[in-house]
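# Coordinate inspection notes
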Amino acid sequence: YFLFYVSSRFSHTRCISLVHLASLFVIFFFLMIRRPPRSTLSSSSAASDVYKRQYQRRVRGPLDMMMRTLALALVASAAAETMLLHTNSPPNDPHHTHCQDVKADMDDTRAQDWWAAEAWNYKGWTNGSLCDESVYPSIEHQDTPIGVPAVTLRRLGKSPMTLASAESKVIKKIEVGDNHCAQLVVDMGKNSSLCQVDDWWLNNAWHYTAWTNGDCPKPYTHLDRIEHPIGVSCVDLNTYGSPAVAPLVDDVAEEKTIHNISPGGAHCTEIYINDPATNAYWKAHGYQYPTVLWPVGECDRKIYNWFNRNGTIAEGVTSKTWGIHQN
């Protein structure tokens, strides 16, 4: 009964192995061995029995103590619940060159609270193992949720990702569209505790893998707009147009819709801005929603087909979150 309880209690954690169970079985088998009682007792063997019992206490006492201690140690090790999760193809990595994993000590109450709130982000991840470091040898990022040191979050890549070298302190990436050119400018010289450029670049460089190095070519010489990633105001995303082409204006519509897919890929959030040309919130905070991370348009209803919740961000700015419902 004890072995059945232990195996059923911890089978979902992958923390108790067949070796543990076999060891526990052997130990408790020997602990349960008892000498069968004599069928008859004679006075002639009384002195001999006293001597034997004294000898057995001297010999078996330390052995029994050692075996019981070992059994308790194995039970304690089996009780340590560790959750391991990974995904080889994060939904927000179109190039499939990364792997993300989670390691959590579920005996910690803060880890349990964190998992209760965040479990939906990890739907579809593989349970029971971390990323294969022989395939993804480079640990690009490692962190813990705020206030939850018992949980470790990692992102690994296939090739070493280094910070900009001294020869390229300023990284410039461009993408030419129909009538405009977008340029990302990452100046490592601006890195500070208030603006962590290096950390942002390590986390987001893969977004710009298909972009070209350099400056926008002619005729895209007119700076139409400057945006910044959320919380990193010293990284610039510039939009250039041609002087012969009207400046890029996307805020003339009565309502603007943008969307973003969560890191786990389980949810998609839409934000609706009424009259963006005059909306006070959008004028003050629009730079926090760069088109690279918040493209214009609605979530793909073929994937995100289940309404989850809505909310109000500010006057004239609302949001809806959609999930995945599988029939």
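Look up a bit, the structure's there.
Here's what I pulled together on the structure shown here. (Residues numbered from 1 in each chain as written. Predicted model: local features only at pLDDT ≥ 70, side-chain atom pairs only at ≥ 80, totals over all residues. Heavy atoms only, no water.)

### Points about the overall build of the chain
Looking only at helices and strands, the chain has six helices and 14 strands in total. The proportion of buried residues among the 327 residues of the chain is 35%. Considering only contacts within the chain whose residues lie at least 6 apart along the sequence, 58% involve residues at least 24 apart. In the structure as shown, the chain presents an accessible area of about 19900 Å², 57% of it carried by carbon and sulfur atoms. (Helix = DSSP H or I, 4+ residues; strand = E, 2+ residues; numbered from the N terminus. Buried < 20%, exposed > 50% of the residue type's maximum accessible area, 1.4 Å probe, protein only. Contact = heavy atoms within 4.5 Å. Areas by Shrake-Rupley, 256 points an atom, 1.4 Å probe, with all protein chains shown as cover.)

### Description of the sheet that holds strand 6 (residues 170–176)
Pairing between sheet strands relies on hydrogen bonds along the backbone, with the strands arranged either parallel or antiparallel. Pairing is antiparallel in the open sheet, where five strands are placed in the order 8-6-7-10-9. The sheet is open, and its two borders are formed by strand 8 (212–213) and strand 9 (222–227), each paired with just one other strand. The sheet contact formed by strand 9 and strand 10 (residues 235–241) spans five bridges and is antiparallel. Bridged to Ile226 within strand 10 is Asn238. The strands touched by helix 5 (residues 197–204) are strand 6, strand 7 (180–187) and strand 10; relative to strand 7, the strand with the most contacts, the crossing angle is about 130 degrees. (Pairing = 2+ DSSP bridges. Axes fitted to C-alpha atoms, helices over the stretch in contact; angles between N-to-C directions.)

### What to know about the sheet that holds strand 5 (residues 151–157)
The strand order across the open sheet formed by five strands is 3-1-2-5-4, and the pairing between neighbours is antiparallel. On the outer flanks of this sheet lie strand 3 (126–127) and strand 4 (138–143), each paired with one strand and no other.

### Topic: empty space enclosed by the protein
Within the structure shown, the criterion is met by one cavity of 30 Å³ or more. What the largest cavity holds in volume is close to 40 Å³. Around the largest cavity, the lining residues are Leu184, Trp200, Tyr208, Pro229, Leu237, Pro290, Val292 and Leu293. (1 Å grid on protein atoms, 1.4 Å probe; cavity = no way out; pocket = protein on both sides within 12 Å on 5 of 7 lines; lining within 4 Å. Points joined across faces, edges and corners; volume = space filled by probe spheres on them.)

### Some thoughts on the environment of Ser129
By secondary structure assignment, the location of Ser129 is in the loop between strand 3 and strand 4. With relative accessibility at 27%, the residue Ser129 sits in the partly exposed group. Spatially, the C-alpha atoms of Ser129 and Asp101 are 8.4 Å apart, while their sequence positions differ by 28 residues. Apart from the residues lying within four places of it in its own chain, the contact partners of Ser129 are Leu84, Leu85 and His86.

### Focus on the pairing of strand 14 (residues 317–323)
Of all the seven residues making up strand 14, five are buried; the element is thus mostly covered by neighbouring parts of the structure. The pairing of strand 12 (residues 267–274) with strand 14 spans seven bridges and is antiparallel. When the bridges of strand 14 are listed, His267 appears paired with Gly323. Bridge analysis of strand 13 (residues 306–314) against strand 14 gives seven bridges, and the strand direction is antiparallel. Looking at strand 14, one finds that Asn310 is bridged to Lys320. Adjacent in sequence and paired antiparallel, strand 13 and strand 14 are bridged by two residues, among which Gly316 carries a positive phi angle near 80 degrees.

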